[in-house]
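Descriptive structure summary
Single-letter residue listing:
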Amino acid sequence: GKTVAVARDAAFCFIYAANLDTLRALGAQVVFFSPLANDPVPTCDAIWLPGGYPELHAETLSISDTTRDSLVVHVNTGRPVWAECGGMMVLFDAIVDLEGRSHVSWGLFPGVVRMQPRLAALGPQKLELATGELRGHTFHYSVCETALEPVLHTASARGGAKCAGEAVYQRGALRASYFHAWMASSPTAAAALFLPEVLA
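Now for a quick tour of the structure. Please read all numbers here as calculations on a predicted model, not as lab measurements.

Each value, and the rule that gives it
Residues numbered from 1 in each chain as written. Predicted model: local features only at pLDDT ≥ 70, side-chain atom pairs only at ≥ 80, totals over all residues. Heavy atoms only, no water. Helix = DSSP H or I, 4+ residues; strand = E, 2+ residues; numbered from the N terminus. Rg over C-alpha atoms; globule rule 2.2 N^0.38 Å. Contact = heavy atoms within 4.5 Å. Areas by Shrake-Rupley, 256 points an atom, 1.4 Å probe, with all protein chains shown as cover. Lys, Arg positive; Asp, Glu negative; His and termini not counted. Charge placed at Lys NZ, Arg CZ, Asp CG, Glu CD. Salt bridge = Lys/Arg side-chain N within 4 Å of Asp/Glu carboxyl O. Expected span 1.5 Å × (residues − 1). Pairing = 2+ DSSP bridges. Axes fitted to C-alpha atoms, helices over the stretch in contact; angles between N-to-C directions. Phe/Tyr/Trp six-rings, centres within 6.5 Å; stacked < 30°, edge-to-face > 60°. Buried < 20%, exposed > 50% of the residue type's maximum accessible area, 1.4 Å probe, protein only.

Remarks on the overall build of the protein chain
Across its full length, the protein chain holds 5 helices and 15 strands. For 200 residues, the compact-globule estimate of 2.2 N^0.38 gives 16 Å, and the protein chain sits close to it at 15 Å. On the principal axes, the C-alpha backbone points of the protein chain span a range of 45 × 40 × 30 Å. Taking the contacts inside the protein chain whose residues are at least 6 apart along the sequence as the reference set, 69% of them involve residues at least 24 apart. Taken as a whole, the protein chain presents about 8,800 Å² of accessible surface, with 54% of it coming from carbon and sulfur. The averaged location of the 18 negative side-chain charges in the protein chain is 5 Å from the averaged location of its 14 positive side-chain charges.

Examining the pattern of salt bridges
Two side chains with opposite charge may pair up if their charged atoms get near one another. Taken as a whole and assessed by the stated rule, the structure comprises 5 salt bridges. For glutamate 145, the salt bridge goes to arginine 114, with nearest N and O atoms at 3.0 Å. Taken together, the residues glutamate 145 in strand 10 (residues 142-145) and arginine 114 in strand 7 (residues 112-115) connect sequence positions 31 residues apart. Ionic contacts of the salt-bridge type, sharing partners, join the residues Asp97, Glu99 and Arg101 into one network.

Topic: helix 3 (residues 65-76)
Note that an α-helix has 3.6 residues per turn; residues three or four places apart therefore point the same way. With 12 residues, helix 3 should cover 16 Å at 1.5 Å per step; its first-to-last C-alpha distance of 16 Å lies within 8% of that length. Packing partners of the buried residues in helix 3 comprise strand 2 (29-33), strand 3 (46-49), strand 4 (81-84), strand 13 (167-171) and strand 14 (174-177).

Points about the sheet that holds strand 5 (residues 94-96)
With mixed pairing, 4 strands are arranged side by side in an open sheet as 6-5-7-10. Each of the sheet's edge strands pairs with one partner strand only, and the pair in question is strand 6 (102-104) and strand 10. Adjacent strand axes in the sheet meet at a mean angle of 20° when their direction is disregarded. Two elements, strand 5 and strand 6, share 3 bridges in a ladder whose sense is antiparallel. What sits directly across from alanine 94, in strand 6, is valine 104.

Comments concerning the packing of aromatic side chains
The tally for this structure, following the rule as stated, stands at 7 aromatic pairs. Between phenylalanine 14 and tyrosine 16, the aromatic rings sit 5.3 Å apart at their centres with planes inclined by 70°, giving edge-to-face as the arrangement. Relative accessible area serves as the criterion here: at 31%, phenylalanine 14 is assigned to the partly exposed category. Site record: aromatic cluster; members linked through ring pairs are Phe14, Tyr16 and Trp182.

Comments concerning the sheet that holds strand 15 (residues 180-182)
Pairing is antiparallel in the open sheet, where 4 strands are placed in the order 12-8-9-15. Among the strands making up the open sheet, the edge pair consists of strand 12 (155-156) and strand 15. One ladder, built from 2 bridges, connects strand 8 (residues 121-129) with strand 12; its direction is antiparallel. Its bridge partner being in strand 12, glutamine 125 is matched across the sheet by serine 156.

Dropping the structure here:
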């Protein structure tokens, strides 16, 4: 009975079909919008900002004021957002590209995302929530510089791996991480990402 709005375009294109299937199986209606087209966020109960390549479209996203402003209204009214990897990057104050140019982002979190010439993290991860364990992975070429304290961390799904867990940041019902969740691994845990109750 809930509506989940999903960003989907060339900047936000890392979307497992199984994740959409999981949301629908949980009873959600899934609708789409394009930040690159500066679409307003559709009327919805929750938002998913999936991964992708916002750094390649940072200039366009910096002027997507209709999308940004409607997202801010959504967040300020306490409705949930789950943002992962590329979807998280655009929530900070700026994205700095490999040439050192700073592109203004949406400013819902303080800090800067800085692109790196080498892979910053790669590997299977898991996120323990009160409602279950979500499996997924991490894969990114950027690092996040922020004073925000994480509320949770993922852990390596391999056990003993050197790759550190990914931070999960939270502002009210806005949650974000480099972690890409495989929602089918625990539909109950996945549902918690789209509910207003705090994760931690």
